[in-house]
Amino acid sequence: MRAFLAAIFLILAGLGGAFAVMPDEILTDANLEARARVISKELRCMVCQNQSIDDSEAPLAKDLRVLVRERLVAGDSDGAVLDFVEQRYGAFVLLKPRLNAHTVLLWVSPALVVLAGLILIWRRRSILGTQTPALTPDEEQRVEALLKDYKS
């Protein structure tokens with residue numbers, strides 16, 4: 001019984017995005033609908049911000065899905081639809097921002113963080129790897145005296 005309930009739960013969890021697109025939004029042309037779904041997965045829901053408009057049930061996401069479908073029906077290419085939505089709502093609407101002058105830091109920062117970490121590790125190893133200088137005779141006598149006091 002547990003396995004059956006777990007299977008039902010997993011199936012329903014996997015269908016979460018399927019309920020976002022309402023039947024009245026779906027295009028009759030299967031090719032256009034497939035293109036619309038691909039484009040919708042690349043656009044961020046401005047309300048949820050961590051979901052694509054294809055997965056979101058927010059009213060703004062629905063409006064964007066309808067807009068995408070309208071542009072496709074009008075004959076726009078996938079790139080033209082994305083450009084139109086980006087121009088209208090800004091680069092933040094794209095789940096995968098394009099590489100340009102405004103987003104170069106966003107794309108380069110992970111490599112910079114990894115490089116900084118490697119440099120810190122290398123420096124730490126080089127500092128720890130250096131040999132400590134030998135004790136002077138006076139320091140050795142002082143250590144011996146401290147150890148004798150400690151043992152007694």
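Above this note sits the structure.
Residues numbered from 1 in each chain as written. Predicted model: local features only at pLDDT ≥ 70, side-chain atom pairs only at ≥ 80, totals over all residues. Heavy atoms only, no water.

Moving on: the packing of helix α3 (residues 59-73) against helix α4 (residues 78-89). As a packed pair, α3 and α4 sit with axes 10 Å apart at the nearest point and diverge in direction by 135 degrees. Accordingly, the angle class assigned to the pair α3 and α4 is oblique. As for the relative orientation of α3 and α4, their crossing is right-handed in sense. Counted together, Leu64, Leu67, Val68, Arg71 and Leu72 of α3 and Asp78, Val81, Phe84, Val85, Arg88 and Tyr89 of α4 form the full contact between these two elements. Class assignment of the residues belonging to the contact of α3 with α4 gives a composition of eight nonpolar, no polar and three charged. (Axes fitted to C-alpha atoms, helices over the stretch in contact; angles between N-to-C directions. Helix = DSSP H or I, 4+ residues; strand = E, 2+ residues; numbered from the N terminus. Parallel < 35°, antiparallel > 145°, perpendicular 65-115°, else oblique. Left-handed = near helix turned anticlockwise from the far one by under 90°. Contact = heavy atoms within 4.5 Å. Nonpolar A, V, L, I, M, F, W, Y, C, P; charged D, E, K, R; others polar.)

The subject of this paragraph is the environment of alanine 58. As for its placement among the helices and strands, alanine 58 is situated in the loop between α2 (30-40) and α3. It is 7.8 Å that separates the C-alpha atoms of alanine 58 and cysteine 45, two residues lying 13 residues apart in sequence. Contacts of alanine 58, omitting those with residues within four sequence positions, involve Cys45, Val47 and Cys48.

The next subject is the state of the cysteines. The term disulfide refers to a covalent linkage connecting the sulfur atoms of a pair of cysteines. One pass over the full model with this rule turns up zero disulfides. Not part of a disulfide, cysteine 45 finds its nearest cysteine sulfur in cysteine 48, a span of 3.5 Å. For cysteine 45, a relative accessible area of 0% corresponds to the buried category. (Disulfide = S-S within 2.5 Å. Buried < 20%, exposed > 50% of the residue type's maximum accessible area, 1.4 Å probe, protein only.)

This part is about the nonpolar core. Among the nonpolar cores identified, the biggest contains 18 residues, and Ile39, Leu43, Ile53, Val68, Leu72 and Val85 are the most heavily contacted of them. Residue assignment for this core shows that the elements contributing at least two residues are α2, α3 and α4. In terms of residues, this core owes the most to one element, α3, which gives five residues. What valine 85 contacts, discounting residues up to four positions off in sequence, is Leu43, Leu64, Leu67, Gly90 and Val93. (Core = buried A, V, L, I, M, F, W, Y, C linked by side-chain atoms within 4.5 Å.)

Another point: a nonpolar patch on the surface. A cluster of nonpolar side chains, namely Leu99, Val104, Leu105, Leu106, Trp107, Val108, Leu112, Leu115 and Ile119, defines an oily patch on the protein surface of about 870 Å² accessible area. For leucine 106, the position within the fold is in helix α5 (residues 104-129). (Patch = residues over 30% accessible without salt bridge, like charges linked within 9 Å, V, L, I, M, F, W, Y side chains within 5 Å. Areas by Shrake-Rupley, 256 points an atom, 1.4 Å probe, with all protein chains shown as cover. Salt bridge = Lys/Arg side-chain N within 4 Å of Asp/Glu carboxyl O.)

With respect to the helices, strands and loops of the structure, threonine 103 is situated in the loop between α4 and α5. The exposure class assigned to threonine 103 is buried, which follows from its relative accessible area of 9%. At 3.0 Å, the side chain of threonine 103 and the backbone nitrogen of asparagine 100 are in polar contact. In contact with threonine 103, not counting residues within four places along its chain, are Pro97 and Arg98. (Polar contact = N/O pair within 3.5 Å; in protein donor to acceptor, adjacent residues only side chain to side chain.)

Let us look at α2. Among all positions of α2, only Leu32, Glu33, Ala36, Ile39 and Ser40 are buried. Buried residues of α2, viewed axially, fall in a sector of 125 degrees; they line one side. When the buried face of α2 is taken as reference, the exposed residues oriented beyond 90 degrees from it are Ala30 and Asn31. Residues of α2 that are buried in the fold lie against α3 and α4. Looking at where α2 begins, the residue whose side-chain oxygen comes 3.0 Å from the main-chain nitrogen of asparagine 31 is aspartate 29. (Arc of directions from axis to C-beta.)

Moving on: the packing of aromatic side chains. Counted under the stated rule, the structure contains zero aromatic pairs. A cation over a ring is seen here: arginine 44 above phenylalanine 92, with NZ or CZ 4.4 Å from the ring centre. (Phe/Tyr/Trp six-rings, centres within 6.5 Å; stacked < 30°, edge-to-face > 60°. Lys NZ or Arg CZ within 6 Å of the ring centre and 35° of its normal.)

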